[in-house]
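# Geometric and topological summary
Letter by letter, the chains look like this.
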Amino acid sequence: MPPGDGAALSQAESAYRKLRDKLIMLDIRPGEPINDGQLAAELGIGRTPVREAVKRLEVDHLVVSYPRRGTFATIVDITELADVSDIRELLEPLAARRAATNASAGVRAELRDVARTISGIDSTPRDKRELMRYDLTVHRLIYRAAGNPHLEDTLIRYDNLATRIWCLVLDKLPSVEGHIAEHVGLLEAVADGDADLAGKLALEHVSSFEKSVRRVL
């Protein structure tokens, strides 16, 4: 789980985070029906927390409800790529610069630990979705380090949408190791407090993401 998810959570919050990440990683496939009873049984909790989580996921545009038909995982719309990228190209560098300026000593140490972990990933073939979880971890850590909860909430929502697009084309990509390795320099720049470099690398990373997706469309 990404940093910060290990804290004590309410059942509704825990359900929300688990279901959110299943939807983002396409473990719950686009268009698949959302059965709150089945999900409650899988998560080992009651239906009420699951229903609360599903309501939040609808606001996040990850599920959609239709009268008399039920609730379903939203379809991944590739045509949204340009709009999502436009927003991320503005806000990701801002978050990286703020994180470089505002991060506490403890968070900077955490950033360096994650950078070392990613640097240590060997060349042995790995499951692409497993590698994509590093992407989620890095981005959420930087958003948290920025110290602006409104910016964090906004970027998490758009990074989630971008990750769904990425996962939709993941099997068409020759590899994702290079995309994940890009995070090392970004994490180190934030940890070093180099706001200009962090902003530059964040922008390059988002642009690289869009170009990689477009090449396989």
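Definitions and limits used
Residues numbered from 1 in each chain as written. Predicted model: local features only at pLDDT ≥ 70, side-chain atom pairs only at ≥ 80, totals over all residues. Heavy atoms only, no water. Core = buried A, V, L, I, M, F, W, Y, C linked by side-chain atoms within 4.5 Å. Buried < 20%, exposed > 50% of the residue type's maximum accessible area, 1.4 Å probe, protein only. Contact = heavy atoms within 4.5 Å. 1 Å grid on protein atoms, 1.4 Å probe; cavity = no way out; pocket = protein on both sides within 12 Å on 5 of 7 lines; lining within 4 Å. Points joined across faces, edges and corners; volume = space filled by probe spheres on them. Helix = DSSP H or I, 4+ residues; strand = E, 2+ residues; numbered from the N terminus. Nonpolar A, V, L, I, M, F, W, Y, C, P; charged D, E, K, R; others polar. Expected span 1.5 Å × (residues − 1). Bend = angle between axes of the 7 residues up to and from the residue. Phe/Tyr/Trp six-rings, centres within 6.5 Å; stacked < 30°, edge-to-face > 60°. Lys NZ or Arg CZ within 6 Å of the ring centre and 35° of its normal. Polar contact = N/O pair within 3.5 Å; in protein donor to acceptor, adjacent residues only side chain to side chain. Axes fitted to C-alpha atoms, helices over the stretch in contact; angles between N-to-C directions. Parallel < 35°, antiparallel > 145°, perpendicular 65-115°, else oblique. Left-handed = near helix turned anticlockwise from the far one by under 90°.

### Let's talk about the nonpolar core
Grouped together as the largest cluster of nonpolar side chains are 61 residues, with contacts concentrated most on Leu23, Leu111, Ile118, Trp166 and Leu187. Leu23 has contacts with Ile28, Ile34, Leu57, Leu62, Val63, Ala73 and Arg164, leaving out every residue within four places of it along the chain. Counting residues in each nonpolar core, the second largest holds 6 residues, with Ala95, Tyr143, Ala146 and Ile156 among its members.

### Things to note about empty space enclosed by the protein
One pass over the structure, following the stated rule, counts 1 cavity of 30 Å³ or more. Taken together, Arg88, Met132, Asp135, His139, Asp159, Ala162, Thr163, Trp166, His179, His205 and Phe209 make up the full set of residues lining the largest cavity. Top contributing element to the lining of the largest cavity by residue count: helix α7 (residues 149–168), with 4 residues. When the residues that make up the lining of the largest cavity are grouped by side-chain class, the tally is 4 nonpolar, 4 polar and 3 charged.

### With respect to helix α4 (residues 81–102)
Count 3.6 residues to each turn of an α-helix, and residues three or four apart come out pointing the same way. Here α4 is 22 residues long and its end C-alpha atoms lie 30 Å apart, about the 32 Å a rise of 1.5 Å per residue gives. Its axis deflected by about 30 degrees at Arg88, α4 carries its strongest bend there. Of the residues making up α4, those classed as buried are Leu81, Val84, Ser85, Arg88, Glu92, Pro93, Ala95, Ala96, Ala99 and Ala100. Lining the buried residues of α4 we find α5 (105–119), α6 (128–145), α7, α8 (177–192) and α9 (195–216).

### As for α8
With 16 residues, α8 extends 24 Å between its outermost C-alpha atoms, agreeing within 8% with the 22 Å of an ideal straight helix rising 1.5 Å per residue. Among all positions in α8, only His179, Ile180, His183, Val184, Leu186, Leu187, Ala189, Val190 and Ala191 are buried. Gly193 lies just past α8 and shows a positive phi near 80 degrees.

### Re the packing of aromatic side chains
Any two aromatic rings considered together are summarised by their centre-to-centre distance and by the angle between their planes. Applying the stated criterion across every chain, the model contains 2 aromatic pairs. Summarising the aromatic geometry, the rings of Tyr66 and Phe72 are spaced 6.1 Å apart at their centres and angled 50 degrees between planes, so their arrangement reads as tilted. Judged by its relative accessible area of 17%, Phe72 falls in the buried class. The lysine or arginine in question, Arg69, covers the ring of Tyr66, its NZ or CZ lying 4.5 Å from the ring centre.

### Remarks on the side chain of Asp21
As for its placement among the helices and strands, Asp21 is situated in helix α1 (residues 11–24). Assessed through its relative accessible area of 8%, Asp21 is described here as buried. A polar contact is formed between the side chain of Asp21 and the side chain of Arg20, at a distance of 3.3 Å.

### Focus on the packing of α1 against helix α3 (residues 47–59)
Relative to each other, α1 and α3 sit at 50 degrees, their axes nearing to 8 Å. Relative to α3, α1 is oriented oblique. In the crossing of α1 with α3, the sense of the turn from one axis to the other is right-handed. Of α3, the residues touching α1 (which contributes Gln11, Ala12, Glu13, Ala15, Tyr16, Leu19, Arg20 and Leu23) are Pro49, Val50, Glu52, Ala53, Arg56 and Leu57.

### Observations regarding the environment of Glu89
Relative to the assigned elements, Glu89 resides in helix α4. For Glu89, a relative accessible area of 26% puts it in the partly exposed group. Counting along the chain gives 116 residues from Glu89 to His205, while the straight-line C-alpha distance between them is 9.1 Å. Glu89 has contacts with Leu203, Val206, Ser207 and Glu210, leaving out every residue within four places of it along the chain.

It is worth stressing that arrangement in space is one thing and function is another; only the former is reported here.
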